Amino acid sequence: MNIVDDLVAATPLGVRVRVPLRLGGVTTRGVETPAADLDLSASAVNRAWTAVETLYRTGLHPGMSLVVRHRGQVILDRAIGHRRLDSDDLMTTDTPACLFSCSKVITALIIHRLVEQDLLQLDDTVAHYIPEFARNGKQDVTIRSLLTHRAGIAKLPPHIADADSLFDSDAVLQALYDAPLSNANRQGYHATTAGYVLGEVAHRASGRDLHDLLRTELTDPLGTPNVTYGVPLDRRDQVALSYSTGPKRLPLISPLLTRLLGGSPEDIAPAMNTPRGMSAVVPAAGAYASAHDAASIFAMLANGGTWNGRKILDRDTIDRATTAAGPLVIDDSFPAPIRFSPGFMLGERYASLFGLGTPDAFGHLGFTNIVCWADPSRELSAAFVNTGKAASPESFVGMAAVTAAISAAVPVR
């Protein structure tokens, strides 16, 4: 029996990872600042990790990693499970994984850096940089509307709405240039579409490609060189792979995700693991980062744009990037209340993706279960990265329990 047989089981509830009774053997830990040193409750911090273990015990996530920073200090640096199901290598907080929709934050930050450099403005029309985008009534669509999911191009045209087409950016762009406008100025989550257009705007405004922009404007200044679009050939054996787990073809949920993602949820995760998937630049869904790297990005944002004494972004830029584009509404693309800023999902006074009582929080969700965020009122940044792509309600509930426990462990000061 090989490692895959040992780790994976097909059950009446879908594909699940076999979970050992004792989790110590599949858990890794980094260096953590004791909670008491930061006037936090050690038991409250540990409850956050217990929530991660509870979610892992569902068998829906082969590998999971969590880094939480408070006042710049790491208070949780732990991972659980395996990096890949064909290897006995354990997941660590330094293991890069696909961030899926958390990639939108990285692309948005590149756009905001170009604003700082006066190479573009958020209220410029897309057609100013890409004249062919103006076809079929899209001449007034702005960069801001792309970032806030109000551009009216939420869905991929049917003839390219499949997992393989996600990796052909030229074909996607041509299809979007020709696509008619729909639901203009209404909030409807653009799962992948807006990212391609934003990437092309950044390229035409700067004369540089997204790989170069990411490196020079974000990862070199931050010291996070392993944050990349796709994965360089020489590092592909180091990253965690993504897996479709849990029940398939769930009523309501599966068709909804298929419409949002432009392909079947069970097809997209394995497609991202292919050489073509790792070679592609998918600006809204194809960035890779470890939990440590992602938490560093959000720590910089929580600290007003400064990281390790170096200014990465202007504070005004962060304020602009995190200002709500409108009131809390039921999104047109998926039936849930959410607010967006130009690049982020936002927290709420009572409850949000980022826990309870998080009106100042901002971040993003990635393929239902990855979540990365900053909460300046708590001096908090966090990255919860996992490799299971499960549409199961129990996974949603488990993720919410993790973020709620983290917000409870680090109270507002």
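Residues numbered from 1 in each chain as written. Predicted model: local features only at pLDDT ≥ 70, side-chain atom pairs only at ≥ 80, totals over all residues. Heavy atoms only, no water.

Named according to an unreviewed UniProt entry, the protein chain is Serine hydrolase domain-containing protein originating from Antrihabitans spumae.

A few words on unusual backbone geometry. With a phi close to 55 degrees, Asn-136 is a non-glycine residue in the positive phi region. Of note, Asn-136 is situated in the loop between helix 4 (126–129) and helix 5 (143–147). Of note in the backbone geometry, Glu-379 takes a positive phi value of approximately 50 degrees without being a glycine. Looking at where Glu-379 falls in the secondary structure, it is placed in the loop between strand 18 (370–375) and strand 19 (380–386). (Helix = DSSP H or I, 4+ residues; strand = E, 2+ residues; numbered from the N terminus.)

Tracing the backbone shows Ala-336 in the loop between strand 12 (329–330) and strand 13 (337–338). When the C-alpha positions of Ala-336 and Gly-355 are compared, they lie 16 Å apart, and in sequence the two are 19 residues distant.

Further remarks concern the side chain of Ser-333. One can find Ser-333 in the loop between strand 12 and strand 13. A relative accessible area of 17% means that Ser-333 is categorised as buried. A distance of 3.0 Å separates the side chain of Ser-333 from the backbone oxygen of Tyr-189, its partner in a polar contact. (Buried < 20%, exposed > 50% of the residue type's maximum accessible area, 1.4 Å probe, protein only. Polar contact = N/O pair within 3.5 Å; in protein donor to acceptor, adjacent residues only side chain to side chain.)

Through backbone hydrogen bonds, the strands of a sheet pair up, either in parallel or in antiparallel fashion. Across the sheet, seven strands lie side by side as 3-5-4-19-18-17-14; this open sheet has antiparallel pairing. Where the open sheet ends on each side, the last strands, each with one partner, are strand 3 (27–29) and strand 14 (345–346). In the sheet, strand 18 pairs with strand 19 via five bridges, with the strands oriented antiparallel. By the bridge assignment, Cys-372 is partnered in strand 19 with Ala-383. Sheet strands in contact with helix 2 (residues 42–56) are strand 3, strand 4 (63–70), strand 5 (73–81) and strand 19, and its direction is about 20 degrees off that of strand 5. Lying on the sheet, helix 12 (residues 291–302) is in contact with strand 4, strand 5, strand 17 (362–366), strand 18 and strand 19; it crosses strand 4 at an angle near 25 degrees. (Pairing = 2+ DSSP bridges. Contact = heavy atoms within 4.5 Å. Axes fitted to C-alpha atoms, helices over the stretch in contact; angles between N-to-C directions.)

Read from one edge of the open sheet, three strands run 6-9-7, paired in antiparallel fashion. The open sheet has two edge strands with one neighbour each: strand 6 (97–98) and strand 7 (228–229). Pairing analysis gives two bridges linking strand 6 to strand 9 (residues 287–289), with the strands arranged antiparallel. The residue of strand 9 that forms the bridge with Ala-97 is Ala-289.

In this description, an aromatic ring pair is defined by two values, namely the gap between the centres and the angle between the planes. Across all of its chains, the model carries six aromatic pairs by this definition. Here Tyr-189 and Phe-334 contribute two aromatic rings whose centre-to-centre distance is 5.6 Å and whose plane-to-plane angle is 80 degrees, an arrangement assigned as edge-to-face. Here the residue Tyr-189 occupies a position in the loop between helix 6 (169–178) and helix 7 (193–206), and Phe-334 occupies one in the loop between strand 12 and strand 13, the gap between them amounting to 145 residues. Phe-334 sits in the buried class, given a relative accessible area of 15%. Pairing Tyr-189 with Phe-340 gives two aromatic rings, centres 5.9 Å apart and planes at 10 degrees, and the pair type is stacked. Residue Tyr-189 is found in the loop between helix 6 and helix 7, and its partner Phe-340 is found in the loop between strand 13 and strand 14; the two are separated by 151 residues along the sequence. The same class applies to Tyr-189 and to Phe-340, which are both buried. Here a set of aromatic residues connected by ring pairs shows up, and it is made of Tyr-189, Phe-334 and Phe-340. Over the ring of Phe-133 we find Lys-138; its NZ or CZ atom is 5.2 Å from the centre of that ring. (Phe/Tyr/Trp six-rings, centres within 6.5 Å; stacked < 30°, edge-to-face > 60°. Lys NZ or Arg CZ within 6 Å of the ring centre and 35° of its normal.)

Attention now moves to the pattern of salt bridges. Should their charged atoms come close, side chains of opposite charge can pair. If you walk through the whole model with that rule in mind, you get 18 salt bridges. Here Glu-200 and Arg-204 are joined by a salt bridge, their closest N and O atoms 2.7 Å apart. One end of the pair, Glu-200, and the other, Arg-204, are both in helix 7, four residues apart, so they sit about a helical turn from each other. Arg-204 gets classed as partly exposed once you look at its relative accessible area, which sits at 34%. Across the pair Asp-212 and Arg-215 runs a salt bridge, and its minimum N-O distance is 2.8 Å. With Asp-212 and Arg-215 both in helix 8 (residues 210–222) and three residues apart, the pair spans about one turn of that helix. (Salt bridge = Lys/Arg side-chain N within 4 Å of Asp/Glu carboxyl O.)

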